[in-house]
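What the coordinates show
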Amino acid sequence: MKVLVTGGLGFIGSHTVVELQNKGFDVVIIDNQSNATSKIVEAIESITGVKPEYHNIDLKNKLQVVSFFEKHPNIIGTIHFAASKAVGESVENPLMYYENNINALVYLLQEINQLEQPNLIFSSSCTVYGQADKMPIDESAPIKKAESPYAKTKQMGDEILEDF
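These remarks concern the structure in this document. In this text, all values refer to a predicted model and were calculated from it rather than measured experimentally.

Attention now moves to the overall build of the chain. A tally of helices and strands in the chain yields six helices and five strands. Listed N to C, the secondary structure of the chain is β-α-β-α-β-α-β-α-α-β-α in terms of helices and strands. A compact globule built from 164 residues should have a C-alpha radius of gyration of about 15 Å, and the chain, at 16 Å, falls within 12% of that. Each of the three principal axes of the chain carries a C-alpha extent, and together these read 45 × 30 × 30 Å. By residue count, 40% of the 164 residues in the chain fall in the buried class.

Structure, rendered in structure tokens:
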């Protein structure tokens, strides 16, 4: 049972990898190290006793994504954490956020769609709810106008997945 974790070297991704490995899953990590380091692979191994397969791939590079999935047709599920996530940075550099968070998602979905089991867990964000009317926010809250390019990419990602 092979599971792909994109952004698997990041904080949430690496903790997810540990839990998956502890449950007996064979985990493959894709991460471009824009927010992490490959030393995390060794840290995961020191915790679980299993070194996860790791690929330094930038999901914005469609050819790399296609090549990866050609070599890994037996993935049963993907957990997608690989996204830029800083609100302030997204305001300063919105095109970087659109390229990374939208293009990477589309390329990933195109390849996942080819798999026998196209299962996906997508890491969205509570930013899609804007300034919520009540706390805590749950999924029944209305989607509001996004307040940053980051939030817009997460709203768009949710909409792309709904269409997909």
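What follows deals with the environment of Glu111. Mapped onto the secondary structure, Glu111 falls in helix 5 (residues 94–112). For Glu111, a relative accessible area of 14% gives the class buried.

If you look at the biggest cluster of nonpolar residues, it comprises 15 residues, and the most contacted ones within it are Leu4, Ile30, Leu59, Phe68, Phe69, Ile75 and Leu108. Of all the secondary-structure elements, those providing two or more residues to this core are strand 2 (26–30), helix 3 (62–71) and helix 5. With four residues, the single largest contributor to this core is helix 5. Not counting the four nearest positions on each side in its chain, Phe69 is found in contact with Leu4, Ile75, Leu108, Glu111, Ile112 and Leu115. Counting eleven residues, the second largest nonpolar core, distinct from the first, contains Val3, Val5, Val18 and Ile44.

The subject of this paragraph is the packing of helix 1 (residues 11–22) against helix 2 (residues 39–48). Contact geometry for helix 1 and helix 2: axes closest at 10 Å, N-to-C directions at 35°. Where helix 1 crosses over helix 2, the two elements pack in a sense that is right-handed. In this structure, helix 1 uses Ser14, Val17, Val18, Gln21 and Asn22 to contact helix 2, whose residues at the interface are Ile40, Ile44, Ile47 and Thr48. Of the residues belonging to the contact of helix 1 with helix 2, the class tally is five nonpolar, four polar and no charged.

Moving on to the side chain of His80. With respect to the element layout, His80 can be found in strand 4 (residues 75–80). Contacts of His80, omitting those with residues within four sequence positions, involve Thr6, Leu59, Leu105, Leu108, Leu120, Ile121, Phe122 and Ser123.

Cut-offs used in this document
Residues numbered from 1 in each chain as written. Predicted model: local features only at pLDDT ≥ 70, side-chain atom pairs only at ≥ 80, totals over all residues. Heavy atoms only, no water. Helix = DSSP H or I, 4+ residues; strand = E, 2+ residues; numbered from the N terminus. Rg over C-alpha atoms; globule rule 2.2 N^0.38 Å. Buried < 20%, exposed > 50% of the residue type's maximum accessible area, 1.4 Å probe, protein only. Core = buried A, V, L, I, M, F, W, Y, C linked by side-chain atoms within 4.5 Å. Contact = heavy atoms within 4.5 Å. Axes fitted to C-alpha atoms, helices over the stretch in contact; angles between N-to-C directions. Left-handed = near helix turned anticlockwise from the far one by under 90°. Nonpolar A, V, L, I, M, F, W, Y, C, P; charged D, E, K, R; others polar.

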